[in-house]
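# Examining the three-dimensional arrangement
Residues per chain are reported as follows:
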Amino acid sequence: MQVGRNDPCPCGSGKKYKNCCMRQDRVQAARVVNQAPLQTALFYEVIEFLDHPRFTEGLDEGLDIFWGGHYSVDVLSALQDDDKRRFIEWFIHDYRYGDERRYIIDLFIEREGHRLNEEARQLLDAWSASAMTLARHLRRTGDDRIAVYDPLRESEYEIASRLMATNGRPGDLLMGRLYELEGARHLSVTTLLLPAEYEQPLVEYVRNAYRICCDEHPGASWEQFLRRHGHMMNIFLLSDRAQALRALIGPGTRFYDPAATRDRMREIQRRIRQQGDDDELMTLDDLEPLLHMHHTAGGIVLPGHEEPEEDEPAQDAPPKRPTILLPGRDD
């Protein structure tokens, strides 16, 4: 349904749409437009791989880690499509599953990679080597490129991202997954824009976490740390330390507020505990809307992709709960 600039915002805030969610909706729409068909198809394939009972316990645990609370998969109804993509992207890349603590993306490549063409394999390998990063938008260098400064790695480089070239502004802080493909650096489509005021406290928070990690694991590199603890950036956005900055993000701005989603999740979790009703619990089917975007399940076909064989019964042992590094956690 089309909403006029001066119409009441559909979110129910009572404000005009142009003064509430319009800017965020435009950024979200741009994410969909700028998602390459191959990226969409591969993301769909990995989520199909996740749709198996053996991953349910891991998803429950992943929700706790990423959203900094104690949640079950039932609260997925609180997540908007962008939230679901961000969480699932982190889960498949950074969550360490099972007794062997394997990354889901690597399990997918091992099991399904032989059925994909070379272009798809290259993209999967790039995703497998990716890590979360922070980058300050310096200037636009082309229609689909920007120059950034990375305050964690203390280096300047160029990023290929039409989304950020179009919607970002110099000074914005970018928080997302960085990967290299064919000699160019890219940011994942779920990258968040944050106001410049977030840079110093967020960088200090992550650096403090890295120091603690190095005390326990001497010689750990930034890449290793950001791969295993990239969720720390999201934890900061949900923490009391970021509370004073929340006035700069959310409705009426270009910047999305993930703490608003966390609040909805808490409310749903509270209601579930009060009702104790298991009849309408959420499942992985609730991730289905984010898979389709402008496609249908049957309409997403990878070149050189054959129909998968029927899944074998799960034999994986339940994953052990890992020790999660959460310095400065305010809960």
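Bear in mind that the values here come from a model prediction, so they are computed numbers and not experimental data.

This part takes up the overall build of the chain. When helices and strands are tallied, the chain shows 12 helices and eight strands. Relative to its full complement of 331 residues, the chain shows a buried share of 51%. Considering only contacts within the chain whose residues lie at least 6 apart along the sequence, 66% involve residues at least 24 apart. With the model as given, the accessible surface of the chain reaches about 16,400 Å², and the carbon-plus-sulfur share is 46%.

The tally for this structure, following the rule as stated, stands at 22 salt bridges. Note that Arg-102 is salt-bridged to Glu-100, the shortest N-O span being 3.9 Å. Linking Glu-267 and Arg-270 is a salt bridge whose minimum nitrogen-to-oxygen distance equals 2.4 Å. Taken as a pair, Glu-267 and Arg-270 lie in helix H11 (residues 258-275) at a separation of three residues, close to a single helical turn. Given the relative accessible area of 27%, Glu-267 is considered partly exposed.

Per the stated rule, a full pass over the model turns up 15 aromatic pairs. An angle of 55 degrees between the planes, with centres 5.9 Å apart, marks the rings of Phe-66 and Phe-87 as tilted. One end of the pair, Phe-66, is in helix H3 (residues 56-67); the other, Phe-87, is in helix H4 (residues 81-94), with 21 residues separating them in the sequence. The class for Phe-66 is buried, based on a relative accessible area of 5%.

In this section: unusual backbone geometry. At Glu-154, a position not held by glycine, the phi torsion is positive, near 55 degrees. Looking at where Glu-154 falls in the secondary structure, it is placed in the loop between strand S4 (145-150) and strand S5 (155-160). The backbone phi angle of Glu-182 is positive, close to 55 degrees, even though this residue is not glycine. Considering the arrangement of structural elements, one finds Glu-182 in the loop between strand S6 (173-181) and strand S7 (184-187). Classification of Glu-182 as exposed rests on a relative accessible area of 71%.

Note on strand geometry: in a regular strand, side chains alternate between the two faces of the sheet. Looking at chain direction, S5 and S7 are connected through two bridges and run parallel. Bridged to Ala-160 within S7 is His-186. The pairing of S6 with S7 spans four bridges and is classified as antiparallel. Residue pairing for S7: Glu-180 is matched across the bridge by Arg-185. Counting the residues that bridge the hairpin from S6 to S7 gives two residues, and of these Glu-182 lies at a positive phi of roughly 55 degrees.

Judged by how many residues are buried, helix H10 (residues 231-238) sits mostly within the fold: eight of eight residues are covered. What H10 keeps buried is the set His-231, Met-232, Met-233, Asn-234, Ile-235, Phe-236, Leu-237 and Leu-238.

Turning our eyes to something else, we now look at the side chain of Arg-227. Within the secondary structure layout, Arg-227 lies in helix H9 (residues 222-229). Taking the relative accessible area as the measure of exposure, Arg-227 reaches 11% and is therefore buried. Among the polar contacts made by the side chain of Arg-227, one reaches the main-chain carbonyl oxygen of Ser-128 at a distance of 2.6 Å. Residue contacts for Arg-227: discarding those within four places in its chain leaves His-93, Asp-94, Tyr-103, Ile-105, Asp-106, Ser-128, Ala-129, Ser-130 and Ala-131.

Summary statistics for the chain give a mean pLDDT of 79 and a share of 77% for residues scoring 70 or more. Between the elements of the chain, mean pLDDT differs from a low of 44, seen in helix H12 (residues 288-292), to a high of 96, seen in S4. A low-confidence stretch, residues 278-284 (pLDDT under 50), is modelled with 10 contacts involving residues beyond four sequence positions or located in other chains. Per-residue pLDDT stays below 50 along residues 288-331; that stretch engages in 87 contacts with residues further than four places along the chain or on separate chains.

Definitions and limits used
- Residues numbered from 1 in each chain as written.
- Predicted model: local features only at pLDDT ≥ 70, side-chain atom pairs only at ≥ 80, totals over all residues.
- Heavy atoms only, no water.
- Helix = DSSP H or I, 4+ residues; strand = E, 2+ residues; numbered from the N terminus.
- Buried < 20%, exposed > 50% of the residue type's maximum accessible area, 1.4 Å probe, protein only.
- Contact = heavy atoms within 4.5 Å.
- Areas by Shrake-Rupley, 256 points an atom, 1.4 Å probe, with all protein chains shown as cover.
- Salt bridge = Lys/Arg side-chain N within 4 Å of Asp/Glu carboxyl O.
- Phe/Tyr/Trp six-rings, centres within 6.5 Å; stacked < 30°, edge-to-face > 60°.
- Pairing = 2+ DSSP bridges.
- Polar contact = N/O pair within 3.5 Å; in protein donor to acceptor, adjacent residues only side chain to side chain.
- pLDDT = per-residue confidence, 0-100.

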